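In case you want the letters, here they are:
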Amino acid sequence: MDTDTVATTPRLSLRLHRASDLDRLVAIHSRADVARYLLQEPWTVEHGKAQLERRLPRTDLAEPVGALALVVEREGLLVGTVSLWRTEHERRTVEIGWTLDPAHGGAGYATEAVAAGLRLAFGQDDVHRVTAQLDARNAASERLAARVGMRQEAHHRQDFWSKGEWTDTLVFAVLADERRPRQALDRRPH
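Numbering of residues starts from 1 in every chain and runs along the sequence as written. Since the coordinates come from a predicted model, pLDDT governs what is reported: local features require at least 70, and pairs of side-chain atoms require 80 or more to be given and counted, while whole-chain, interface and lining totals use all residues. Processing note: side-chain calculations cover all non-hydrogen atoms of the structure and skip hydrogens and water entirely.

Colleague: Whenever I open this one, the overall build of the protein confuses me. Can you help?
Modeller: Put simply, DSSP marks the helices as runs of H or I at least four residues long and the strands as runs of E at least two long, and each gets a number from the N terminus on. Helices and strands together make up the secondary structure of the protein, namely 6 helices and 9 strands. We compute the radius of gyration from the C-alpha atoms alone; for a globule the expected value is 2.2 Å times N to the 0.38, where N is the number of residues. By the compact-globule yardstick of 16 Å for 190 residues, the protein fits well, its C-alpha radius of gyration being 16 Å. Seen through its principal axes, the protein has C-alpha atoms that stretch 45 × 40 × 35 Å. The rule is simple: take the accessible area with a 1.4 Å probe, protein chains only, and divide by the maximum for that residue type; under 20% is buried, over 50% is exposed, in between is partly exposed. Classification of the 190 residues of the protein by burial places 45% in the buried group. In what follows, residue pairs with any heavy atoms lying within 4.5 Å of each other are defined as contacts. Put simply, 58% of the contacts in the protein that link residues at least 6 apart link residues at least 24 apart. Shrake-Rupley sampling with a 1.4 Å probe provides the accessible areas, and residues are treated as covered by the protein chains on show and by no other component. Total accessible area on the protein is roughly 9900 Å²; 50% of this is exposed by carbon and sulfur atoms. Lys and Arg are tallied as positive, Asp and Glu as negative. Neither His nor the chain termini are counted. Taken as the charge centre is NZ of Lys, CZ of Arg, CG of Asp or CD of Glu, depending on the residue. Taken together, the 27 basic and 28 acidic charged side chains of the protein have centroids lying 4 Å from each other.

Colleague: Looking at this model, I keep getting lost on the nonpolar core. Mind explaining?
Modeller: Nonpolar side chains in soluble globular proteins generally cluster together in the buried interior. By size, the foremost hydrophobic cluster in this structure holds 36 residues, and its most contacted members are L14, I96, W98, V130 and M150. Breaking this core down by element, the ones donating at least two residues are β2 (13-16), β4 (67-74), β5 (77-88), β6 (93-100), α4 (109-122), β7 (129-135), α5 (139-147) and β9 (165-175). When near neighbours in sequence (up to four residues on either side) are disregarded, L14 contacts D4, T5, V6, A7, T9, L70, V71, V72, V82, A113, A116 and G117. We define a nonpolar core as any set of buried Ala, Val, Leu, Ile, Met, Phe, Trp, Tyr and Cys residues linked to one another through side-chain atoms lying within 4.5 Å. L22, V26, V34 and L78 belong to the second largest nonpolar core, which has 9 residues in total.

Colleague: I keep staring at the side chain of E112 and nothing clicks. Help me out?
Modeller: Among the secondary structure elements, E112 is positioned in helix α4. Within polar-contact distance, the side chain of E112 engages the side chain of T9 at 2.3 Å. Under the rule applied, a polar contact is a pair of N or O atoms within 3.5 Å (in protein, one hydrogen donor and one hydrogen acceptor; residues adjacent in sequence only if both atoms are side-chain atoms).

Colleague: What should I look at first to understand the pairing of strand β8 (residues 151-162) in this one?
Modeller: The side chains of a regular strand alternate, first on one face of the sheet and then on the other. Taken together, the 8 bridges between β8 and β9 define a ladder with antiparallel strand orientation. Looking at the pairing, H155 lines up with L170 of β9. Each pair of strands is called paired provided DSSP finds at least two bridges between the two strands. Adjacent in sequence and paired antiparallel, β8 and β9 are bridged by 2 residues, among which K163 carries a positive phi angle near 55°.

Colleague: Sorry if this is basic, but what is going on with the environment of A69 here?
Modeller: By the secondary structure assignment, A69 is in strand β4. Residue A69 is classed as buried on the basis of its relative accessible area, which comes to 2%. Distance from A69 to S83, taken between C-alpha atoms, is 4.4 Å for residues 14 residues apart in sequence. Excluding residues within four positions of it along the chain, A69 makes contact with R15, L16, H17, R55, R58, V82 and S83.

Colleague: Mind showing me how you'd approach unusual backbone geometry here?
Modeller: For residues other than glycine, phi is negative in most cases, and the peptide bonds are mostly trans. Phi at Q158 takes a positive value of approximately 40°, unusual for a residue other than glycine. Checked against the element boundaries, Q158 lands in strand β8. At K163, a position not held by glycine, the phi torsion is positive, near 55°. Along the polypeptide, K163 turns up in the loop between β8 and β9. For K163, a relative accessible area of 32% gives the class partly exposed.

Colleague: Looking at this model, I keep getting lost on helix α3 (residues 45-55). Mind explaining?
Modeller: Because each turn of an α-helix spans 3.6 residues, side chains separated by three or four positions end up pointing in the same direction. Listed as buried for α3 are G48, Q51, L52 and R55. The buried residues of α3 occupy an angular sector of 100° when the element is viewed end-on, so they sit on one face. Set apart from the buried face of α3 by more than 90 degrees, the exposed residues are E46 and E53. The inward-facing, buried residues of α3 abut α1 (22-29), β4 and β5. Along the arc lie the directions from the helix axis toward the C-beta atoms.

Colleague: Would you explain the pattern of salt bridges in this entry?
Modeller: Pairs may arise between side chains of opposite charge once their charged atoms sit close together. The working definition used for a salt bridge is a side-chain nitrogen of Lys or Arg within 4 Å of a carboxyl oxygen of Asp or Glu. Throughout the structure, instances matching the rule amount to 15 salt bridges. Among the ionic pairs, R11 bridges to E112, the shortest N-O distance being 2.7 Å. With R11 in the loop between β1 (5-8) and β2 and E112 in helix α4, this residue pair connects regions lying 101 residues apart in the sequence. You can call R11 partly exposed: its relative accessible area is 23%. The residue R31 makes a salt bridge to D33 at a minimum N-O spacing of 2.7 Å. For D33, a relative accessible area of 44% gives the class partly exposed. Overlapping salt bridges bring together R24, R31, D33 and D101 as one network.

Structure (structure tokens):
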């Protein structure tokens, strides 16, 4: 295992970002179908460099950084990202977000990677709750959140101005004590 690998699953490795990830990150995030549900417009190389610089120091959920930005690899190829960050330390909350290259969709990689991200979050002694906020039009992410055991807690109507239009936000969450029984299921071979 590489020294920057944070977690592995039966088919994937989740590791810290590297400067050499730029081309693959831009290839994924420059796609209009990927960027549609993200906060940023499709990435250019310059935007990708700035985003990568922000992600490189996000190496630990512990304080003071409180953020972990990971790439998802399948057989050495970067196929997506999973990020975790503390939102309200005093309330022991972590938010999770994910992106997967559509060329690698439909094989369960996103489910496997997000489940591993949840295990990392709840591996912190002080984390009580993990949330995910997503564009309500993103049906694939909505199904993914449910598959990994998160429940929908809110549907905020037209609460976010994104790329020239009002969008709805879905909020999903799972609590540590709800997660523990599922962790055995997450470790089953896929």
